[in-house]
Amino acid sequence: QVQLVESGGGLVQAGGSLRLSCAASGRTFSRYAMGWFRQAPGKEREFVAAINWGGGNTYYAESVKGRFTISRDNAKNTVYLQMNSLKSEDTAVYYCAADTDFPNLARVEGRVYDYWGQGTQVTVSS
């Protein structure tokens, strides 16, 4: 079992920055890949970014590439999402998720992730 708790969401003006954190507990953190997803009101959940177990393999959605950075600190059992140059369309609930099956990959599909956090709200005002 893996428990995930997100934090760091809030209200920010367009052009601003936020850093989300996701603290993991349970199974050994360094043995699984992590992803960030988001869901805006009335929309389907979408992939944002993913990182493999060691941090050497990352992947981003085109909509956030160059603005968001995913990273992890295995010593702290935490994955981060640094979000810069935020836009109103980034407004959503952000979820972190753990992929325990293929830790060396940074996968896009939400269905392959085994564990999910409760989400943290990010609101970008224009």
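Here's a quick rundown of the structure.

With 38 residues, the main nonpolar core has Leu4, Met34, Trp36, Leu81, Met83 and Tyr94 as its most contacted residues. Elements supplying a minimum of two residues to this core: strand S1 (2-7), strand S3 (18-26), strand S4 (33-39), strand S5 (46-51), strand S7 (68-73), strand S8 (78-83), strand S9 (92-99) and strand S11 (120-125). Setting aside anything within four residues of it in sequence, one finds Tyr94 in contact with Glu6, Leu20, Trp36, Phe37, Arg38, Val48, Phe68, Leu81, Met83, Gly119, Thr120 and Val122.

For the rest of this paragraph, the subject is the sheet that holds S1. Here we have four strands laid out as an open sheet, ordered S1-S3-S8-S7, and antiparallel in their pairing. Two strands in the sheet have a free side with no partner beyond their single neighbour: S1 and S7. Recorded for the sheet is a direction-independent mean angle of 15° between the axes of neighbouring strands. In this sheet, S3 lies alongside S1 in antiparallel orientation, the contact comprising six bridges.

A full pass over the atoms with the stated rule returns one disulfide. A disulfide bridge connects Cys22 with Cys96, and the sulfur atoms are separated by 2.0 Å. Measuring the twist about the S-S bond at about 55°, one finds the Cys22-Cys96 disulfide to be right-handed. Taken together, the residues Cys22 in strand S3 and Cys96 in strand S9 connect sequence positions 74 residues apart. Classification of Cys22 by relative accessible area gives buried; the value is 0%. When its relative accessible area of 0% is taken as the criterion, Cys96 is described as buried.

As a further point, take unusual backbone geometry. If you check the backbone angles, Asn77 has positive phi at about 55° while not being a glycine. Turning to its location among the elements, Asn77 is positioned in the loop between S7 and S8.

Attention shifts here to the side chain of Arg72. Residue placement: Arg72 occurs in strand S7. Of the side chains bearing the opposite charge, Asp73 lies closest to the buried Arg72, which forms no salt bridge; the N-O distance is 8.3 Å. Polar side-chain contacts of Arg72 include one of 3.0 Å to the backbone oxygen of Tyr32. A polar atom in the side chain of Arg72 sits 2.8 Å from the side chain of Asn74. Excluding residues within four positions of it along the chain, Arg72 makes contact with Phe29, Ser30, Tyr32, Ala33, Met34, Ile51, Asn52, Trp53, Gly55, Thr78, Val79 and Tyr80.

Looking now at the pattern of salt bridges. As enumerated under the stated definition, the model contains five salt bridges in all. The salt bridge partner of Lys65 is Glu62, with a shortest N-O separation of 2.7 Å. Note that Arg67 and Asp90 form a salt bridge whose closest N and O atoms lie 2.7 Å from each other. Placement of Arg67 in the loop between strand S6 (58-60) and S7 and of Asp90 in the loop between S8 and S9 is noted, with a sequence separation of 23 residues between them. On the basis of relative accessible area, Arg67 is assigned to the buried category, the value being 11%. When salt bridges that share partners are traced, they join Arg38, Glu46, Arg67 and Asp90 into one network.

Thresholds, definitions, all that
- Residues numbered from 1 in each chain as written.
- Predicted model: local features only at pLDDT ≥ 70, side-chain atom pairs only at ≥ 80, totals over all residues.
- Heavy atoms only, no water.
- Core = buried A, V, L, I, M, F, W, Y, C linked by side-chain atoms within 4.5 Å.
- Buried < 20%, exposed > 50% of the residue type's maximum accessible area, 1.4 Å probe, protein only.
- Helix = DSSP H or I, 4+ residues; strand = E, 2+ residues; numbered from the N terminus.
- Contact = heavy atoms within 4.5 Å.
- Pairing = 2+ DSSP bridges.
- Axes fitted to C-alpha atoms, helices over the stretch in contact; angles between N-to-C directions.
- Disulfide = S-S within 2.5 Å.
- Lys, Arg positive; Asp, Glu negative; His and termini not counted.
- Salt bridge = Lys/Arg side-chain N within 4 Å of Asp/Glu carboxyl O.
- Polar contact = N/O pair within 3.5 Å; in protein donor to acceptor, adjacent residues only side chain to side chain.

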